[in-house]
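# Fold and geometry: a report
Here are the chains, one letter per residue:
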Amino acid sequence: AIRTKVADFIMKLLPAASDQNPEPAEWLRLQPAPLEADAYVEATVAECLQALSCGSAKQKRQAAGALAMRDADEILSARERITGLLDDPKVCMVALRALAKMGSEAASAIPHIAKLLNSNDVFVREAAIWTLTQIGSAAIEALAACARDDPDHNVASQARKALDWIFDQELL
């Protein structure tokens, strides 16, 4: 509520005499770019699984992204196929999102996700930490190893924060 009031107040301010960047005469609203997953949003889980099995890397990303947008119960049948995508650097980030959506039901993927904690790509390691965090207490061992051993201070710090979050959730 306070943000709305502040925004309204700011919009009512008159430009300063020395304003070098006046308000535009007309505002253009940009249309949002389509999501890669949009190609499979209306597809059935079976159609997404088909794309995960034999589609191109782009189709696999699209299908995994569409699955990541669905309810966890709806995509559990795809767990093993999605886990298999973790070995593909072109698809692993989207596969991690889909596994994270499954929460503790993705615990069987922990050994595969833990391998990504050794990736040279910091973003892949951080995405793996996030996914392990969503899985929860079953991932504590992998997160603890990352917190202890990761050469990047920021990644190790993220793993420690993930452990703190999991422990806090266990106490609730």
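Preceding block: the structure.
Residues numbered from 1 in each chain as written. Predicted model: local features only at pLDDT ≥ 70, side-chain atom pairs only at ≥ 80, totals over all residues. Heavy atoms only, no water.

### Let's talk about the environment of S56
- Residue position: S56 is located in the loop between helix 2 (45–54) and helix 3 (57–68).
- The exposure class assigned to S56 is partly exposed, which follows from its relative accessible area of 36%.
- As a C-alpha pair, S56 and A107 span 51 residues in sequence and 27 Å in three-dimensional space. (Helix = DSSP H or I, 4+ residues; strand = E, 2+ residues; numbered from the N terminus. Buried < 20%, exposed > 50% of the residue type's maximum accessible area, 1.4 Å probe, protein only.)

### Here we look at a nonpolar patch on the surface
- Among the surface-exposed residues, I2, V6, F9, I10 and L13 lie close enough to one another that they form a single nonpolar patch of about 510 Å² accessible area.
- For L13, the location among the structural elements is in the loop between helix 1 (2–12) and helix 2.
- Judged by relative accessible area, which is 49%, L13 ranks as partly exposed. (Patch = residues over 30% accessible without salt bridge, like charges linked within 9 Å, V, L, I, M, F, W, Y side chains within 5 Å. Areas by Shrake-Rupley, 256 points an atom, 1.4 Å probe, with all protein chains shown as cover. Salt bridge = Lys/Arg side-chain N within 4 Å of Asp/Glu carboxyl O.)

### Here's the deal with the nonpolar core
- Within the largest apolar cluster, 48 residues are counted, with the highest numbers of intra-cluster contacts made by I82, I113 and L132.
- Breaking this core down by element, the ones donating at least two residues are helix 2, helix 3, helix 6 (92–102), helix 7 (110–116), helix 8 (122–135), helix 9 (140–149) and helix 10 (153–171).
- The leading source of residues in this core is helix 6, at 7 residues.
- The contact partners of I113, leaving out residues within four places of it in the chain, are L86, L96, L99, A128, T131, L132 and I135. (Core = buried A, V, L, I, M, F, W, Y, C linked by side-chain atoms within 4.5 Å. Contact = heavy atoms within 4.5 Å.)

### Looking at helix 10
- Helix length check: helix 10, at 19 residues, gives a terminal C-alpha distance of 27 Å against a target of 27 Å (1.5 Å per residue), a fit within 8%.
- Three or more residues of helix 10 are buried, namely V155, A156, S157, A159, A162, L163 and I166.
- In this structure, the buried residues of helix 10 make contact with helix 8 and helix 9. (Expected span 1.5 Å × (residues − 1).)

### A look at the pattern of salt bridges
- Scanning all chains against the criterion turns up 6 salt bridges.
- Between R79 and E80 there is a salt bridge whose closest N-O contact spans 3.8 Å.
- Between R148 and D149 there is a salt bridge, with its nearest N and O atoms 3.0 Å apart.
- Each of R79, E80 and E105 takes part in one network of salt bridges that share partners.

### Regarding the packing of helix 8 against helix 10
- Packing of helix 8 against helix 10 leaves a shortest axis separation of 10 Å and a crossing angle of 5°. Put simply, helix 8 runs roughly parallel to helix 10. Contacts between helix 8 and helix 10 involve V122, R125, E126, I129, L132 and T133 from the first element and V155, Q158, A159, A162, W165 and I166 from the second.
- Residues of the contact of helix 8 with helix 10, tallied by class, amount to 8 nonpolar, 2 polar and 2 charged. (Axes fitted to C-alpha atoms, helices over the stretch in contact; angles between N-to-C directions. Parallel < 35°, antiparallel > 145°, perpendicular 65-115°, else oblique. Nonpolar A, V, L, I, M, F, W, Y, C, P; charged D, E, K, R; others polar.)

### Some thoughts on the state of the cysteines
- One pass over the structure, following the stated rule, counts 0 disulfides.
- Looking at C48, it has no disulfide partner, and the nearest cysteine sulfur is the one in C54, 12 Å off.
- For C48, a relative accessible area of 0% corresponds to the buried category. (Disulfide = S-S within 2.5 Å.)

Worth remembering: the numbers are spatial, not functional.
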